[in-house]
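# Secondary and tertiary structure notes
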Amino acid sequence: MHTIILRNVPHKRASGTTFTIAAIGESQIVEAVKRSINKLEHHPAKMARRSLVDLLSIIEKHDFQIRYTEHTIDDDGLESWLFVLQK
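Computed from a predicted structure; not experimentally measured.

The rules behind each value
Residues numbered from 1 in each chain as written. Predicted model: local features only at pLDDT ≥ 70, side-chain atom pairs only at ≥ 80, totals over all residues. Heavy atoms only, no water. Helix = DSSP H or I, 4+ residues; strand = E, 2+ residues; numbered from the N terminus. Polar contact = N/O pair within 3.5 Å; in protein donor to acceptor, adjacent residues only side chain to side chain. Contact = heavy atoms within 4.5 Å. Buried < 20%, exposed > 50% of the residue type's maximum accessible area, 1.4 Å probe, protein only. Core = buried A, V, L, I, M, F, W, Y, C linked by side-chain atoms within 4.5 Å. Salt bridge = Lys/Arg side-chain N within 4 Å of Asp/Glu carboxyl O.

## Points about the side chain of Q86
Note on placement: Q86 falls in strand β4 (residues 79-86). A polar atom in the side chain of Q86 sits 3.1 Å from the side chain of T3. Polar contacts involving the side chain of Q86 include one to the side chain of R67, which spans 2.9 Å. The contacts of Q86, once residues within four sequence positions are left out, are M1, H2, T3, F64, Q65 and R67.

Here it is in structure tokens:
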């Protein structure tokens with residue numbers, strides 16, 4: 001069984017906010033997920049919801065089971081999502 005963490009990371013810049021997706025883990029599955037992230041049409045995303053849709057599409061594409069979900073909003077109002085996944 002493989003366990004990875006998939007999360008979006010908000011970046012606030014002068015030109016606007018973007019959301020990148022990060023995959024964390026120690027298995028070959030992480031490399032496949034990173035390739036999927038690089039193939040995304042809207043990466044980095046300019047909206048939190050777009051980033052969430054991308055996260056969910058990656059979870060579905062790689063047939064992961066969601067074991068834990070965390071949703072946070074920081075002091076600047078930026079949303080972030082974290083998923084602990086298993087396959």
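## Focus: the environment of T3
By secondary structure assignment, the location of T3 is in strand β1 (residues 3-13). What makes T3 partly exposed here is its relative accessible area of 40%. Separated by 27 residues in sequence, T3 and V30 place their C-alpha atoms 9.3 Å apart. With near-sequence residues (within four places) excluded, T3 lies in contact with V84, L85 and Q86.

## A look at the nonpolar core
If you look at the biggest cluster of nonpolar residues, it comprises 17 residues, and the most contacted ones within it are L6 and V33. Elements with a minimum of two residues in this core: β1, β2 (16-24), α1 (28-38), α2 (48-61) and β4. Not counting chain neighbours up to four residues away, the residues in contact with L6 comprise I21, A22, A23, V33, I37, L55, I58, I59, W81, L82, F83 and L85.

## Quick look at the pattern of salt bridges
The full count for this structure, using the stated rule, is two salt bridges. Here E79 and R49 are joined by a salt bridge, their closest N and O atoms 3.8 Å apart. One end of the pair, E79, is in strand β4; the other, R49, is in helix α2, and 30 residues separate them in sequence. We classify E79 as buried; its relative accessible area is 14%. Between R50 and D54 there is a salt bridge; the shortest N-O distance is 2.8 Å. You can see R50 and its partner D54 sitting in helix α2, four residues apart, about one turn around the helix. With a relative accessible area of 33%, R50 lands in the partly exposed category.

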